[in-house]
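Residue-level structure breakdown
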Amino acid sequence: DAKTTQPTSMDCAEGRAANLPCNHSTISGNEYVYWYRQIHSQGPQYIIHGLKNNETNEMASLIITEDRKSSTLILPHATLRDTAVYYCIVRVGSGANNLFFGTGTRLTVIP
Amino acid sequence: DTGVSQDPRHKITKRGQNVTFRCDPISEHNRLYWYRQTLGQGPEFLTYFQNEAQLEKSRLLSDRFSAERPKGSFSTLEIQRTEQGDSAMYLCASRPGQGYEQYFGPGTRLTVT
(Lines give C-alpha, C1' and ligand atoms only; values in the text may rest on other atoms or scores of the structure.)
Protein backbone atom coordinates (compact mmCIF):
# COMPACT_ATOMS: atom_id res chain seq x y z
CA ASP A 1 0.00 0.00 0.00
CA ALA A 2 1.16 3.53 -0.80
CA LYS A 3 2.59 5.54 2.06
CA THR A 4 1.30 9.04 2.75
CA THR A 5 3.12 12.09 4.07
CA GLN A 6 1.28 14.88 5.87
CA PRO A 7 2.43 17.93 7.82
CA THR A 8 2.39 17.34 11.55
CA SER A 9 0.30 20.39 12.34
CA MET A 10 -1.43 23.39 10.79
CA ASP A 11 -3.36 26.41 11.99
CA CYS A 12 -6.29 28.06 10.25
CA ALA A 13 -8.30 31.16 11.11
CA GLU A 14 -11.97 30.60 11.81
CA GLY A 15 -14.08 31.26 8.73
CA ARG A 16 -11.19 30.80 6.33
CA ALA A 17 -10.57 27.81 4.09
CA ALA A 18 -8.37 25.09 5.55
CA ASN A 19 -6.21 23.36 2.94
CA LEU A 20 -4.64 20.14 4.17
CA PRO A 21 -2.03 18.59 1.86
CA CYS A 22 -1.10 14.95 1.50
CA ASN A 23 1.68 13.39 -0.57
CA HIS A 24 1.26 9.85 -1.87
CA SER A 25 3.88 9.64 -4.59
CA THR A 26 3.88 5.82 -4.72
CA ILE A 27 0.13 5.48 -5.20
CA SER A 28 -0.93 2.81 -7.69
CA GLY A 29 -3.75 2.95 -10.17
CA ASN A 30 -6.31 1.04 -8.11
CA GLU A 31 -5.70 2.86 -4.83
CA TYR A 32 -8.21 5.36 -3.49
CA VAL A 33 -7.44 8.39 -1.32
CA TYR A 34 -9.51 8.57 1.87
CA TRP A 35 -9.71 11.29 4.46
CA TYR A 36 -10.86 10.74 8.02
CA ARG A 37 -10.68 13.06 11.00
CA GLN A 38 -10.59 12.46 14.73
CA ILE A 39 -11.84 15.02 17.16
CA HIS A 40 -10.33 14.70 20.63
CA SER A 41 -11.63 11.72 22.62
CA GLN A 42 -13.85 10.49 19.78
CA GLY A 43 -13.54 7.77 17.18
CA PRO A 44 -12.44 8.71 13.66
CA GLN A 45 -15.02 10.14 11.29
CA TYR A 46 -15.10 9.62 7.52
CA ILE A 47 -14.89 12.81 5.48
CA ILE A 48 -14.46 11.99 1.80
CA HIS A 49 -12.68 9.72 -0.65
CA GLY A 50 -11.75 9.68 -4.33
CA LEU A 51 -9.85 7.85 -7.05
CA LYS A 52 -8.76 10.46 -9.59
CA ASN A 53 -11.54 12.99 -10.01
CA ASN A 54 -12.06 15.86 -7.61
CA GLU A 55 -14.84 15.18 -5.15
CA THR A 56 -17.08 17.40 -3.04
CA ASN A 57 -19.60 16.66 -0.33
CA GLU A 58 -21.28 18.58 2.44
CA MET A 59 -18.17 18.45 4.61
CA ALA A 60 -15.26 19.07 2.29
CA SER A 61 -13.68 18.99 -1.15
CA LEU A 62 -10.92 16.65 -2.27
CA ILE A 63 -8.56 17.82 -4.98
CA ILE A 64 -6.33 15.10 -6.48
CA THR A 65 -3.51 16.12 -8.81
CA GLU A 66 -3.54 14.78 -12.34
CA ASP A 67 -0.60 12.46 -11.64
CA ARG A 68 -2.35 11.38 -8.42
CA LYS A 69 0.83 11.80 -6.42
CA SER A 70 -0.70 14.31 -4.04
CA SER A 71 -4.05 15.58 -2.88
CA THR A 72 -5.53 18.41 -0.83
CA LEU A 73 -8.49 18.30 1.50
CA ILE A 74 -10.31 21.62 1.61
CA LEU A 75 -12.64 22.67 4.42
CA PRO A 76 -14.19 25.75 2.82
CA HIS A 77 -15.13 27.69 5.97
CA ALA A 78 -13.35 26.29 8.98
CA THR A 79 -15.09 26.47 12.35
CA LEU A 80 -13.76 25.79 15.83
CA ARG A 81 -15.46 22.37 15.68
CA ASP A 82 -13.16 21.42 12.81
CA THR A 83 -10.19 21.35 15.19
CA ALA A 84 -9.07 17.71 14.92
CA VAL A 85 -6.42 15.34 13.60
CA TYR A 86 -6.92 14.73 9.88
CA TYR A 87 -5.73 11.47 8.35
CA CYS A 88 -4.98 10.90 4.68
CA ILE A 89 -5.15 7.19 3.82
CA VAL A 90 -4.44 5.41 0.56
CA ARG A 91 -5.97 1.96 0.10
CA VAL A 92 -6.96 -0.41 -2.67
CA GLY A 93 -10.64 -0.39 -3.48
CA SER A 94 -13.56 1.84 -2.68
CA GLY A 95 -14.53 -0.44 0.19
CA ALA A 96 -11.15 -0.84 1.81
CA ASN A 97 -10.93 -2.87 4.97
CA ASN A 98 -7.81 -2.37 7.05
CA LEU A 99 -7.16 1.35 7.04
CA PHE A 100 -3.65 2.59 7.85
CA PHE A 101 -4.02 5.93 9.61
CA GLY A 102 -0.47 7.12 10.19
CA THR A 103 -0.06 10.14 12.47
CA GLY A 104 -2.11 12.67 10.47
CA THR A 105 -2.19 16.48 10.58
CA ARG A 106 -3.35 18.22 13.72
CA LEU A 107 -5.48 21.16 12.50
CA THR A 108 -6.15 23.93 14.99
CA VAL A 109 -8.81 26.47 14.05
CA ILE A 110 -8.07 29.76 15.72
CA PRO A 111 -10.87 32.20 16.66
CA ASP B 1 -23.23 9.36 17.82
CA THR B 2 -22.52 7.07 14.85
CA GLY B 3 -24.71 4.22 16.07
CA VAL B 4 -21.73 2.01 16.96
CA SER B 5 -21.54 1.44 20.68
CA GLN B 6 -18.73 0.05 22.80
CA ASP B 7 -18.72 -1.19 26.36
CA PRO B 8 -17.14 -0.39 28.71
CA ARG B 9 -15.88 3.08 27.86
CA HIS B 10 -13.08 2.83 30.37
CA LYS B 11 -11.37 -0.15 31.97
CA ILE B 12 -8.60 -0.20 34.54
CA THR B 13 -7.04 -3.57 35.24
CA LYS B 14 -3.99 -5.00 36.89
CA ARG B 15 -1.24 -6.59 34.85
CA GLY B 16 -1.92 -10.26 34.28
CA GLN B 17 -5.71 -9.99 34.39
CA ASN B 18 -7.99 -10.82 31.47
CA VAL B 19 -10.30 -8.20 29.99
CA THR B 20 -13.13 -8.37 27.47
CA PHE B 21 -14.59 -5.53 25.45
CA ARG B 22 -17.85 -5.50 23.52
CA CYS B 23 -18.80 -3.75 20.31
CA ASP B 24 -22.33 -3.39 18.95
CA PRO B 25 -22.18 -2.28 15.31
CA ILE B 26 -24.91 -0.61 13.30
CA SER B 27 -27.44 -3.41 12.86
CA GLU B 28 -27.39 -3.76 9.08
CA HIS B 29 -23.60 -3.60 8.80
CA ASN B 30 -22.06 -6.98 8.04
CA ARG B 31 -18.44 -5.84 8.32
CA LEU B 32 -16.82 -5.12 11.65
CA TYR B 33 -13.31 -3.90 12.50
CA TRP B 34 -11.17 -3.56 15.60
CA TYR B 35 -8.38 -1.00 15.87
CA ARG B 36 -5.99 -0.01 18.65
CA GLN B 37 -4.77 3.53 19.24
CA THR B 38 -1.94 4.57 21.53
CA LEU B 39 -1.23 8.12 22.62
CA GLY B 40 -0.10 10.38 19.80
CA GLN B 41 -0.57 7.73 17.12
CA GLY B 42 -3.30 7.03 14.64
CA PRO B 43 -5.47 3.93 14.97
CA GLU B 44 -3.81 0.63 14.03
CA PHE B 45 -5.82 -2.15 12.43
CA LEU B 46 -6.21 -5.33 14.48
CA THR B 47 -8.81 -7.53 12.82
CA TYR B 48 -11.81 -7.64 10.49
CA PHE B 49 -15.01 -9.70 10.37
CA GLN B 50 -17.45 -10.22 7.55
CA ASN B 51 -20.58 -11.51 9.23
CA GLU B 52 -19.28 -14.09 11.72
CA ALA B 53 -16.12 -14.95 9.78
CA GLN B 54 -12.84 -13.41 10.88
CA LEU B 55 -11.19 -12.74 7.53
CA GLU B 56 -8.12 -10.74 8.41
CA LYS B 57 -5.83 -10.38 11.41
CA SER B 58 -2.94 -8.00 11.90
CA ARG B 59 0.42 -9.18 13.20
CA LEU B 60 -0.36 -6.85 16.12
CA LEU B 61 -2.98 -9.35 17.26
CA SER B 62 -0.76 -11.55 19.40
CA ASP B 63 -1.78 -14.92 20.82
CA ARG B 64 -3.08 -13.15 23.92
CA PHE B 65 -5.74 -11.40 21.85
CA SER B 66 -8.86 -13.09 20.56
CA ALA B 67 -11.87 -11.63 18.82
CA GLU B 68 -15.23 -13.19 18.08
CA ARG B 69 -18.44 -12.27 16.34
CA PRO B 70 -20.52 -15.36 17.04
CA LYS B 71 -23.81 -14.45 15.36
CA GLY B 72 -22.57 -11.84 12.97
CA SER B 73 -23.90 -9.06 15.14
CA PHE B 74 -21.98 -7.86 18.21
CA SER B 75 -18.29 -8.63 18.65
CA THR B 76 -16.01 -9.16 21.62
CA LEU B 77 -12.28 -8.57 21.94
CA GLU B 78 -10.54 -10.39 24.77
CA ILE B 79 -7.03 -9.75 26.01
CA GLN B 80 -5.54 -12.42 28.23
CA ARG B 81 -2.73 -11.83 30.73
CA THR B 82 -2.72 -8.09 30.10
CA GLU B 83 0.58 -6.23 29.95
CA GLN B 84 1.27 -2.54 30.48
CA GLY B 85 1.92 -2.21 26.75
CA ASP B 86 -1.70 -3.14 26.12
CA SER B 87 -2.79 0.21 27.54
CA ALA B 88 -4.51 1.95 24.65
CA MET B 89 -7.83 2.99 23.17
CA TYR B 90 -9.58 0.07 21.47
CA LEU B 91 -11.84 1.22 18.66
CA CYS B 92 -14.54 -0.70 16.84
CA ALA B 93 -15.94 0.24 13.45
CA SER B 94 -18.58 -1.19 11.14
CA ARG B 95 -19.47 -0.85 7.47
CA PRO B 96 -22.27 -2.10 5.23
CA GLY B 97 -21.26 -4.55 2.53
CA GLN B 98 -21.58 -2.10 -0.35
CA GLY B 99 -20.48 0.98 1.52
CA TYR B 100 -17.09 2.63 1.73
CA GLU B 101 -17.33 4.51 5.01
CA GLN B 102 -16.30 2.90 8.28
CA TYR B 103 -18.39 4.13 11.21
CA PHE B 104 -16.40 4.22 14.43
CA GLY B 105 -17.57 3.79 17.98
CA PRO B 106 -16.32 5.96 20.85
CA GLY B 107 -13.74 3.41 21.92
CA THR B 108 -12.80 1.62 25.12
CA ARG B 109 -9.84 3.09 26.96
CA LEU B 110 -7.81 0.38 28.69
CA THR B 111 -5.31 1.19 31.41
CA VAL B 112 -3.13 -1.64 32.69
CA THR B 113 -1.47 -0.90 36.03
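See the structure printed just above.
Now for a look at the structure at hand.

Analysis parameters
Residues numbered from 1 in each chain as written. Chains lettered and ligands numbered in written order. Predicted model: local features only at pLDDT ≥ 70, side-chain atom pairs only at ≥ 80, totals over all residues. Heavy atoms only, no water. Buried < 20%, exposed > 50% of the residue type's maximum accessible area, 1.4 Å probe, protein only. Helix = DSSP H or I, 4+ residues; strand = E, 2+ residues; numbered from the N terminus. Pairing = 2+ DSSP bridges. Axes fitted to C-alpha atoms, helices over the stretch in contact; angles between N-to-C directions. Salt bridge = Lys/Arg side-chain N within 4 Å of Asp/Glu carboxyl O.

Let us look at the pairing of strand β4 (residues 31–37) of chain B. All names here are of chain B. β4 sits mainly inside the fold: 7 of its 7 residues count as buried. Alternating residues of β4 divide into R31, Y33, Y35 and Q37 and L32, W34 and R36, and every residue in both groups is buried. Pairing geometry for β4 and strand β5 (residues 44–50), over 6 bridges, is antiparallel. Bridge assignment links L32 to a residue of β5, and that residue is F49. The hairpin turn running from β4 into β5, its antiparallel successor, is 6 residues long, and G40 in that turn takes a positive phi close to 85 degrees. Alignment of β4 against strand β9 (residues 88–95), held across 7 bridges, turns out to be antiparallel.

Here we take up the sheet that holds strand β8 (residues 84–92) of chain A. Residue and element names in this part refer to chain A. Reading across from one edge, β1-β9-β8-β3-β4 is the order of the 5 strands in this open sheet, with mixed pairing throughout. One side of each edge strand has no neighbouring strand; the edge strands of this open sheet are β1 (9–13) and β4 (45–50). Across the sheet, the axes of successive neighbouring strands diverge by a mean angle of 25 degrees, strand direction being ignored. Where β8 lies against strand β9 (residues 105–110), 3 bridges are found, and the strand directions are antiparallel. In the sheet register, A84 faces β9, and the bridge partner there is L107.

Residues and elements named next belong to chain B. A complete count under the given rule lists 5 salt bridges over all chains for this structure. Between R36 and E44 there is a salt bridge whose closest N-O contact spans 4.0 Å. Owing to a relative accessible area of 12%, R36 belongs among the buried residues under this scheme. A network of salt bridges, in which partner residues are shared, links R64, E83 and D86.

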